[in-house]
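Close look at the chain arrangement
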Amino acid sequence: VVLFDDGTEADATVPGALRGRTKTLGNAVVVGDRVALEPDADRLVVTGVEPRRNTFSRRAAGRQAREQVVAANVDQVVLVASLAEPEFKAGLADRILGQAEHSGIPGRLVVNKVDLGDPADAGVIADDYGRAGYPAHVLCARNGEGVEALRHACLARRSLFVGHSGVGKSSLLNALVKGLGLMAGSVNPKTGKGRHTTTAAWLVRPGPGFELIDTPGFRAFGLWGIGPDDLDQAYPEFRRFLGACRFGDCRHDREPGCAVREASEGGAVSPRRHASFLKLRRELLEEVPS
Ligand SMILES: Nc1nc2c(ncn2[C@@H]2O[C@H](COP(=O)(O)OP(=O)(O)O)[C@@H](O)[C@H]2O)c(=O)[nH]1
Ligand SMILES: [Mg+2]
Ligand SMILES: [Zn+2]
């Protein structure tokens, strides 16, 4: 589906020539791309894709190292998590924000469903990420609390909303834009997992330059283009300490004179983020390199 500058939409097809060797749509055209079109008989055909100014990718599911481009040309990645149902998953949040960092795209954190938990717990999460330099929003898509501040942070730019299925991404977009009517599903009360009610990424433009992209939920998120030895670059709050470690190849674990670990002990870096870095690094060491 192509969205025109005047706000109208139309279906278009992507010819095999643009699809590369595998002939699947794959990464050839993704949400956020700007395309050239030509009419062909009674339909529109995509004849070209403009160069992308950035891409937000993940490692595709499966053992093979393959890139999946989630979206192109985005101004910020809004990581949506929930305080409960499903519970906050730091590992997924840190993977997604690290991937945004790697792609040079500003990240932002949303902790939704504050009505279902203790607001103090949400405050602790927001503080962890605040120390990392990420703006954080604690809100409730259901009753609208905190939504206005997020809307202000999304005006006049293109925001990509990502997060686990069921955290309330579609509900949040509906709260941000009156009358949008995106499909929001319910969480399975037994597993706490959301049903996949958003099956494709979808860009909406409620006002000039104000663009929001809803995506299907990620159950897992594999990093793309980040190896165990450059993972520290994906944690912005580590950066000012990296040159100060005693060893040039410091893993920021138990090495003597590690400035990152000392910053974590001293509170300048959140100990929770440091722990998640070490866990994520171990996971990357076990993966087939990309
Ligand atoms: N209690 C509560 N439920 C919410 C809130 N936001 C969304 N939900 C519910 O969470 C479920 C999943 O929402 P949905 O928007 O489909 O999540 P998505 O998979 O991330 O798009 C739905 O049943 C929503 O009604 C909230 O702030 N509070
Ligand atoms: Mg959804
Ligand atoms: Zn170190």
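One can find the structure itself at the top, above this paragraph.
Fair warning: this is a prediction, and the values are worked out from it, not measured in the lab. (Residues numbered from 1 in each chain as written. Chains lettered and ligands numbered in written order. Predicted model: local features only at pLDDT ≥ 70, side-chain atom pairs only at ≥ 80, totals over all residues. Heavy atoms only, no water.)

**Notes on the environment of Arg 254**
Under the convention used in this document: Every helix listed is a DSSP run of H or I at least four residues long, and every strand listed is a run of E at least two residues long, numbered separately from the N terminus.
Structurally, Arg 254 can be placed in the loop between helix H5 (239–242) and helix H6 (259–266). For the pair Arg 254 and Val 77, spaced 177 residues apart in the sequence, the C-alpha separation amounts to 32 Å.

**Section: the sheet that holds strand S4 (residues 35–40)**
Heads up, the rule is: Criterion used throughout: strands pair if DSSP finds at least two bridges between them.
Pairing is mixed in the open sheet, where three strands are placed in the order S3-S5-S4. Both outer strands of the open sheet, strand S3 (12–13) and S4, are each paired with one neighbouring strand and no more. As defined by bridge partners, S3 adjoins strand S5 (residues 43–49) across two bridges and the pair is classed as parallel. Within S5, the residue paired with Thr 13 across the bridge is Val 45.

**Examining the coordination of the zinc ion (ligand 3)**
Heads up, the condition is: Ligating atoms shown are N, O and S within 2.8 Å of the metal, or 3.2 Å for Na, K and Ca, and water is not included, meaning a site may look less than complete. The rule is simple: four donors are tetrahedral if all their angles sit between 85 and 135 degrees, four are square planar and six octahedral if opposite donors span more than 155 degrees and the others lie between 65 and 115, and anything that fits none of that is irregular. With a 1.4 Å probe rolled over the protein chains alone, any residue whose accessible area is under 20% of its type maximum counts as buried; one over 50% counts as exposed, and the rest are partly exposed.
Protein coordination at the zinc ion (ligand 3) comes from Cys 245 (SG), Cys 250 (SG), His 252 (ND1) and Cys 258 (SG), with a distance range of 2.1 to 2.4 Å. For the zinc ion (ligand 3), the four donor atoms in the first shell make angles of 101 to 115 degrees at the metal, so the coordination geometry reads as tetrahedral. All donors of the zinc ion (ligand 3) belong to a single chain; written as a sequence motif, their spacing is C-x4-C-x1-H-x5-C. Take Cys 250 and Cys 258: they sit in the same class, and that class is buried.

**A closer look at the layout of surface pockets**
Vacant regions in the atomic arrangement are exposed by a probe of water-molecule size rolled over the atoms. As a reminder, the rule being used: The definitions used throughout rest on a 1 Å grid laid over the protein atoms alone, on which a cavity is an enclosed set of points accommodating a 1.4 Å probe that cannot get out and a pocket is an open set flanked by protein within 12 Å on both sides along at least five of seven lines; lining residues are those having an atom within 4 Å of a point. Grid points are joined across faces, edges and corners, and a volume is the space filled by probe spheres set on the points. All amino acids are sorted into three groups, where Ala, Val, Leu, Ile, Met, Phe, Trp, Tyr, Cys and Pro are nonpolar, Asp, Glu, Lys and Arg are charged, and the leftover types, Gly among them, are polar.
As a volume, the largest pocket reaches approximately 1,200 Å³. Elements with a minimum of two residues in the lining of the largest pocket: strand S1 (2–3), S4, strand S7 (67–72) and strand S12 (202–207). When grouped by side-chain class, the residues that make up the lining of the largest pocket number 22 nonpolar, eight polar and eleven charged.

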